[in-house]
There are 2 protein chains.
Amino acid sequence: MNLARKIFEANNLFNLIEKGDKILIGFSGGVDSVVLSYLLFKLKDVLGIEIGLAHFNHHLREDADEDEAFCIDFAKSLKIPIYVERFDIKSLKGNIEENARKKRYEFLQKTSKKEGYNKIATAHHLDDLAETMILWFVRGGGLKGLSGFKAYKENIIRPLITATKDEIRAFAKEQHLNWKEDYTNYDETISRNLIRHKVIPILKKINPNFLSTVLQESIILQDEEAFLEDYTEHVIKNIDVFDVKSLKQEPRAIQRRIVRKTFGTKTFQKTELVLKLLENAKQIRLSKNKILEVKNGKITLRMI
Amino acid sequence: MNLARKIFEANNLFNLIEKGDKILIGFSGGVDSVVLSYLLFKLKDVLGIEIGLAHFNHHLREDADEDEAFCIDFAKSLKIPIYVERFDIKSLKGNIEENARKKRYEFLQKTSKKEGYNKIATAHHLDDLAETMILWFVRGGGLKGLSGFKAYKENIIRPLITATKDEIRAFAKEQHLNWKEDYTNYDETISRNLIRHKVIPILKKINPNFLSTVLQESIILQDEEAFLEDYTEHVIKNIDVFDVKSLKQEPRAIQRRIVRKTFGTKTFQKTELVLKLLENAKQIRLSKNKILEVKNGKITLRMI
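Residues numbered from 1 in each chain as written. Chains lettered and ligands numbered in written order. Predicted model: local features only at pLDDT ≥ 70, side-chain atom pairs only at ≥ 80, totals over all residues. Heavy atoms only, no water.

**Some thoughts on the overall build of chain A**
For chain A, the helix and strand inventory stands at 12 helices and nine strands. Along the first, second and third principal axes, the C-alpha set of chain A runs to 75 × 40 × 40 Å. Burial analysis of chain A (304 residues in total) assigns 52% to the buried set. A fraction of 66% describes how many contacts in chain A between residues 6 or more apart in sequence connect residues 24 or more apart. About 15,400 Å² of surface is accessible on chain A, with carbon and sulfur atoms providing 49% of the total. Of the side chains in chain A, 52 bear a positive and 43 a negative charge, and the two mean positions are spaced by 6 Å. (Helix = DSSP H or I, 4+ residues; strand = E, 2+ residues; numbered from the N terminus. Buried < 20%, exposed > 50% of the residue type's maximum accessible area, 1.4 Å probe, protein only. Contact = heavy atoms within 4.5 Å. Areas by Shrake-Rupley, 256 points an atom, 1.4 Å probe, with all protein chains shown as cover. Lys, Arg positive; Asp, Glu negative; His and termini not counted. Charge placed at Lys NZ, Arg CZ, Asp CG, Glu CD.)

**Describing the relation of the copies chain A and chain B**
Overlay of chain A on chain B (RMSD 0.0 Å): rotation 180°, translation along the axis 0.0 Å. Both chain copies can therefore be described as sitting about a two-fold axis. The C-alpha atom lying nearest the rotation axis in chain A is that of A:Val199; the distance is 2.8 Å. Here 100% of the contact residues of chain A are again contact residues in chain B; the copies associate through an equivalent surface. (Least-squares fit on C-alpha atoms with pLDDT ≥ 70 in both.)

**Quick notes on the domain arrangement of chain A**
Taken as a whole, chain A is organised into domain 1 (3-217) and domain 2 (239-303). With centres defined by C-alpha atoms, the gap from domain 1 of chain A to domain 2 of chain A works out at 41 Å. (Domains from an automatic or database assignment.)

**Concerning helix 12 (residues 268-275) of chain B**
Within helix 12 of chain B, burial applies to B:Phe268, B:Thr271, B:Glu272, B:Val274 and B:Leu275. Relative to the axis of helix 12 of chain B, the buried residues are bounded by an arc of 160° and lie together on one face. Considering only its buried residues, helix 12 of chain B is in contact with helix 9 (210-238) of chain A together with helix 11 (252-263), strand 7 (283-287) and strand 8 (290-295) of chain B. (Arc of directions from axis to C-beta.)

**What about the sheet that holds strand 9 (residues 298-303) of chain B?**
Residues and elements named next belong to chain B. Across the sheet, three strands lie side by side as 7-8-9; this open sheet has antiparallel pairing. What marks the edges here is a single partner per strand, and that holds for strand 7 and strand 9. On average, each strand axis in the sheet is tilted by 30° relative to the strand beside it, whichever way the strands run. In this fold helix 12 packs onto strand 7 and strand 8, with an angle of close to 155° to the strand it touches most, strand 7. (Pairing = 2+ DSSP bridges. Axes fitted to C-alpha atoms, helices over the stretch in contact; angles between N-to-C directions.)

**Some points on the interface of chain A and chain B**
Chain A puts 43 residues into the contact, and the matching count from chain B is 43 residues. Around 3,900 Å² of area is buried between chain A and chain B when both sides are counted, 75% of it from carbon and sulfur atoms. At the surface where chain A touches chain B, the tally comes to four salt bridges. A salt bridge links A:Asp223 to B:Arg256; the nearest nitrogen and oxygen atoms lie 2.8 Å apart. (Buried area = accessible area lost by both parts, 1.4 Å probe. Salt bridge = Lys/Arg side-chain N within 4 Å of Asp/Glu carboxyl O.)

**A look at the pairing of strand 9 of chain B**
Residues and elements named next belong to chain B. Where strand 8 meets strand 9, six bridges bridge the pair, whose relative direction is antiparallel. Residue Val294 lies in a different strand from strand 9, and its bridge partner there is Ile299. Turn length for the strand 8-strand 9 hairpin, with the two strands adjacent in sequence and antiparallel, is two residues, and the turn residue Asn296 shows positive phi of about 50°.

**Section: the environment of B:Thr189**
Mapped onto the secondary structure, B:Thr189 falls in helix 8 (residues 187-206). The sequence separation of B:Thr189 and B:Glu97 amounts to 92 residues, and the corresponding C-alpha distance is 8.3 Å.

**Notes on the packing of aromatic side chains**
Across all of its chains, the model carries 22 aromatic pairs over all chains by this definition. Seen from their ring centres, A:Phe14 and A:Tyr152 are 6.4 Å apart, and the 55° between their planes marks the pair as tilted. Of this pair, A:Phe14 sits in helix 1 (residues 3-14) while A:Tyr152 sits in strand 5 (residues 152-153); the two residues are 138 residues apart in sequence, bridging distant segments of the chain. Accessibility expressed as a relative area gives 15% for A:Phe14, which makes it buried. For the pair A:Tyr38 and A:Phe171, a centre-to-centre distance of 6.3 Å together with 55° between the ring planes defines the contact as tilted. One end of the pair, A:Tyr38, is in helix 2 (residues 31-47); the other, A:Phe171, is in helix 7 (residues 165-174), with 133 residues separating them in the sequence. For A:Phe171, a relative accessible area of 3% corresponds to the buried category. Among the aromatic side chains, those forming a connected cluster through ring pairs are A:Phe227, A:Tyr231, B:Phe227 and B:Tyr231. Above the plane of the ring of A:Tyr117 lies A:Lys22, whose end atom (NZ or CZ) is 4.8 Å from the centre. (Phe/Tyr/Trp six-rings, centres within 6.5 Å; stacked < 30°, edge-to-face > 60°. Lys NZ or Arg CZ within 6 Å of the ring centre and 35° of its normal.)

**Remarks on the sheet that holds strand 4 (residues 119-121) of chain B**
Residues and elements named next belong to chain B. With respect to topology, six strands assemble into an open sheet ordered 3-2-1-4-6-5, the strand pairing being mixed. For this open sheet the edge positions go to strand 3 (82-86) and strand 5 (152-153), each flanked by a neighbour on one side alone. Relative to strand 3, strand 2 (residues 50-57) runs parallel, the two being bridged by five bridges. Paired with Ala54 across the two strands is Tyr83, which belongs to strand 3.

**Quick word on the pairing of strand 8 (residues 290-295) of chain A**
The two faces of a sheet get side chains in turn, since along a regular strand they alternate between them. Residues and elements named next belong to chain A. The sheet contact formed by strand 7 (residues 283-287) and strand 8 spans four bridges and is antiparallel. In the strand pairing of strand 8, Ile284 is matched with Leu292. Taken together, strand 7 and the strand that follows it, strand 8, pair antiparallel across an intervening segment of two residues.

**What about the environment of B:Lys19?**
Residues and elements named next belong to chain B. Along the chain, Lys19 turns up in the loop between helix 1 (3-14) and strand 1 (22-26). When the C-alpha positions of Lys19 and Lys44 are compared, they lie 9.5 Å apart, and in sequence the two are 25 residues distant. Apart from the residues within four sequence positions on either side, Lys19 is in contact with Leu47 and Gly48.

**A closer look at unusual backbone geometry**
One non-glycine residue, A:Lys79, lies in positive phi territory at about 55°. Within the secondary structure, A:Lys79 sits in the loop between helix 3 (64-78) and strand 3 (82-86). One non-glycine residue with positive phi stands out, namely B:Asn296, at about 50°. Locating B:Asn296 in the fold gives a position in the loop between strand 8 and strand 9.

Have a look at this one:
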């Protein structure tokens, strides 16, 4: 039961689980959540915790109800409480993957509150982290995206963050566990699959320790992102961000973050455009009907 | 001559070339350096610059002397001065690729100084930048590695930084230029080739604007890296970095950078180990014969 060590390793690095925790596990019935649930079930006395499962039936796949039945059976067989909600994600407008994620987390938060759980655990692992970091790098997510998701965020914890998919599958087989395979394929998933099956195997050839490197990078970059954010917030509180002279005295990296926060610029081009006001531009066009202009050393917004 | 615009774009972003510059171009005879030289030759009156070529014959390939002759012919045909040096890289110990790079830059610096050039230009382009950033990401180069190489560093400029390899090749064909292909393959090159031929094409499928995204990421991350470095240096000058209490007050991201600089820790594990002294550890073993210990709130080094 080597994978148990990974839980303790993650705990050592991030302090995810404390004695007395009541943890609600996001449970899809896939191999990751089955392994996480089984592991926490086996370790619950050692860790001094209680656990419950929460299954969100998205009605996205033909076998969604079969999956739900599997989840209920799994919970029953181990005598773990399970909470189930059904929701037709396709009835919502917009990106399916995005909506599914949002609704799933809403359900987890609502259920944990109602049922008295103080933490929510998801089964994200090291391969997920690597894929997320690469996806954000490719799409241009800046330092925040590059640093990946967090091992903990508010009441959400990810105890498998230091375990690889291979280790999780090996554990599932070794323990003769059953799970449901997810064959769904949305847009987000297609990009992720390309990274999973085509990109990461090559990166592992270049660096056989690629996955553990990713974890270290993520820890370092998350701390650097947090510091840059704190520093920026501190500056925003202490200077007049509309005053060209004050803004000009800040380092470029901080100017850029201030502009993004203050003027809501979403693209690199727009942010750089606003920064031109600090050099020589008298006015710039922020959007169709918004003009930023410098008057008496102050940046002001004019609607046209 | 669309590629000329890229030179002006790079200049606009990074102020690489100024009127009156005397620029020595690192000239291998490959398509990148042929295109850079030809472009700067065509633009020299518009830009108000003078140019020269510098060819370093590494004696690495069988056709190294043929390449040298090609370079001299190219320079003669356009009446550009050319400086050539021959050096047998294989005679040096250590990593060939690393030694070649070092010796090449030594030659460029020496020649520019001797012949009165104030800048050195290399033909690195946007694909090179993307490959470099990915290589460092895979190997774990932190924010510095991830931000790639600079468009300018001291007297070295890279005017093709915003141009892609495709654009460079297209220009070379359109202008009926000749060049020498480089078929060498060293270790570094193998990893780079995997990234070039196997990884980047997939990343372009996920984001068709991947290369321009990379350029923006690089600009943002370089500024953030520069700020973090400046901030760290400022802290080092202003606090006693051996004093546990003072060091503890700094953000984790800055603590980590201070530890790397002060104690020369090269790996993530070693750095984190030193950081344990700020929490509860009384002493840690830095290496075989070095122990760091906390005495009266001060970190001290003990040799054993």
